[in-house]
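Per-entry structural report
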Amino acid sequence: MPDTTKQESGNGIWYGAAAYGIWGLFPLFWPLLEPAAADEIVANRMVWSLVAVVGLLAFQRHWGWIRPLLRQPRRVAMLAGAATVITVNWGVYIWAVNSGHVVETSLGYFINPLVTIGFGVLVLKERLRVAQWTAVGVGAAAVAVLTVAYGQLPWIALTLALSFATYGLLKKTVGLSGVESLAAESAFMFPFALAYLVYLEVSGRGTFGHAVAGSYGWGHSGLLALSGVITAIPLLCFGAAAVRVPLTMLGLLQYLAPVFQFLIGVAVFHESMPPARWAGFGLVWVALAVLTWDALRRVRADRAERAAAARTPRPAPTPAATR
């Protein structure tokens with residue numbers, strides 16, 4: 001491998017680690033925005049995300065994708081659907097983190113690859129390999145064990161996994177880059193989010209632009225505005241990684257986020273992890289290990305096939321018939 005290619009690949013790994021690392025550290029940020037409730041935080045995040053991404057697009061002078069997109073109503077409708085499900089995802093996630101359910105949010109992103117596989121079968125009619133079926137079966141068993149452990153369905157984890165898998169499916173179909181997609185989704189939700197913030201302000205429930213002695217100061221408003229920037233930064237890192245490293249490597253790096261979330265929930269917020277929950281999480285990790293092993297095995301097999309094809313001598317061209 002040439003040195004420049006190695007360097008690009010190495011940079012891509014760092015970009016990917018930065019993206020998923022920042023996403024994994026988000027549970028440390030959302031509590032800083034209290035006493036704002038989850039609905040107000042999500043509305044601010046949507047509004048300030050659009051501000052941040054528009055500033056980035058202006059800096060890059062990257063507007064050419066907008067007009068062709070507007071001429072395709074089906075793609076616009078799918079982006080509207082993506083904006084809706086990611087709003088649900090953000091709302092549940094932020095509420096869960098600020099309500100002491102960080103460990104269960106990590107579960108949602110641990111099982112997200114299994115839900116994505118299920119969507120591939122049900123929606124895209126993909127055929128699974130034996131190892132993938134095994135992983136899905138173990139994942140279903142894990143949900144059953146965790147249902148017993150929690151005394152109810154782990155609805156937070158399932159909502160996060162289902163909404164994010166739906167979001168990924170819609171984004172895959174639309175085919176926009178991370179920054180373009182965030183701009184379109186934020187633009188769609190902007191009027192609703194702004195109207196909701198106005199409603200909170202009129203009803204006296206809003207916290208942005210206020211300072212309450214003994215509770216929160218003007219720095220609180222700055223942190224709410226900062227939510228747009230911290231939404232855009234990991235997306236930029238992810239976009240830089242996606243063009244530099246193989247999809248398999250990105251698939252492995254994605255586990256950084258739920259690992260960090262899990263560790264924060266257990267070590268920082270001291271959430272309870274009785275033996276039954278450890279058993280459920282253990283089954284999830286077994287399922288993910290099976291998926292990872294299968295993906296790596298498939299990559300090695302594909303490389304071997306390409307190498308064998310490259311070594312196979314091509315037949316000499318048939319000489320043209322003489323007249």
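Our structure is the block above this text.
Criteria and thresholds
Residues numbered from 1 in each chain as written. Predicted model: local features only at pLDDT ≥ 70, side-chain atom pairs only at ≥ 80, totals over all residues. Heavy atoms only, no water. Helix = DSSP H or I, 4+ residues; strand = E, 2+ residues; numbered from the N terminus. Buried < 20%, exposed > 50% of the residue type's maximum accessible area, 1.4 Å probe, protein only. Contact = heavy atoms within 4.5 Å. Areas by Shrake-Rupley, 256 points an atom, 1.4 Å probe, with all protein chains shown as cover. Salt bridge = Lys/Arg side-chain N within 4 Å of Asp/Glu carboxyl O. Patch = residues over 30% accessible without salt bridge, like charges linked within 9 Å, V, L, I, M, F, W, Y side chains within 5 Å. Axes fitted to C-alpha atoms, helices over the stretch in contact; angles between N-to-C directions. Left-handed = near helix turned anticlockwise from the far one by under 90°. Nonpolar A, V, L, I, M, F, W, Y, C, P; charged D, E, K, R; others polar. Phe/Tyr/Trp six-rings, centres within 6.5 Å; stacked < 30°, edge-to-face > 60°. Expected span 1.5 Å × (residues − 1). Bend = angle between axes of the 7 residues up to and from the residue.

Here we take up the overall build of the chain. Of regular secondary structure, the chain possesses twelve helices and zero strands. Across the chain, helices and strands are ordered from the amino to the carboxyl terminus as α-α-α-α-α-α-α-α-α-α-α-α. Taken along its principal axes, the extent of the C-alpha atoms in the chain is 95 × 55 × 40 Å. Across the 323 residues of the chain, 40% fall into the buried class. In the chain, 82% of the contacts between residues at least 6 apart in sequence involve partners at least 24 apart. For the chain, the exposed surface amounts to about 17200 Å²; the carbon and sulfur share of it is 68%.

Take the pattern of salt bridges next. Enumeration according to the criterion identifies three salt bridges in this entry. Between Asp-39 and Arg-205 there is a salt bridge, with its nearest N and O atoms 3.3 Å apart. Taken together, the residues span a long stretch of sequence, with Asp-39 in helix 2 (residues 38-60) and Arg-205 in the loop between helix 8 (178-202) and helix 9 (218-242) at a distance of 166 residues. For Asp-39, a relative accessible area of 27% translates into the label partly exposed.

A separate point is a nonpolar patch on the surface. A surface patch of nonpolar side chains, about 550 Å² in accessible area, is lined by Leu-25, Leu-28, Val-259, Phe-260, Leu-263, Val-268 and Phe-269. It is helix 11 (residues 256-268) that provides the largest number of residues to the nonpolar patch, a total of four residues. Take Leu-263: it is sitting in helix 11. Take Leu-263: its relative accessible area is 47%, and that puts it in the partly exposed class.

The next subject is the packing of helix 4 (residues 73-98) against helix 5 (residues 102-122). Running from N to C, helix 4 and helix 5 point in directions that differ by 145°, and their axes come no closer than 8 Å. Crossing of helix 4 over helix 5 shows left-handed handedness. Where helix 4 approaches helix 5, its residues Asn-89, Tyr-93, Ala-96 and Val-97 are matched on the opposing element by Val-102, Thr-105 and Tyr-109. A breakdown of the residues in the contact of helix 4 with helix 5 according to their chemical character gives five nonpolar, two polar and no charged.

For the structure shown, the criterion picks out 18 aromatic pairs. Between the aromatic rings of Phe-110 and Trp-285, the centroid separation amounts to 6.0 Å while the plane-to-plane angle is 75°, which identifies the pairing as edge-to-face. With Phe-110 in helix 5 and Trp-285 in helix 12 (residues 275-311), the pair connects residues that are 175 residues apart, well separated along the chain. You can call Phe-110 buried: its relative accessible area is 4%. Grouped by ring-pair contacts, the aromatic residues Phe-110, Phe-262, Trp-278, Phe-281 and Trp-285 constitute a single cluster.

For the rest of this paragraph, the subject is helix 12. For helix 12, with 37 residues, the first-to-last C-alpha span of 54 Å sits near the 54 Å given by 1.5 Å per residue. Those residues of helix 12 that sit buried are Arg-277, Gly-280, Phe-281, Val-284, Ala-287, Leu-288, Leu-291, Thr-292 and Asp-294.

So, about helix 8. Between its terminal C-alpha atoms helix 8 stretches 34 Å, which fits the 36 Å expected from 25 residues at 1.5 Å a residue. Of all the bends in helix 8, the greatest, near 45°, is centred on Phe-190, and the proline Pro-191 appears no more than four residues after it. For helix 8, every residue scored as buried is listed here: Val-179, Glu-180, Ser-181, Leu-182, Ala-183, Ala-184, Glu-185, Ser-186, Met-189, Ala-193, Leu-197 and Leu-200. Residues of helix 8 that are buried sit in contact with helix 2, helix 3 (66-70), helix 4, helix 7 (155-174) and helix 9. Positive phi shows up at Gly-204, right after helix 8, with a value of about 80°.

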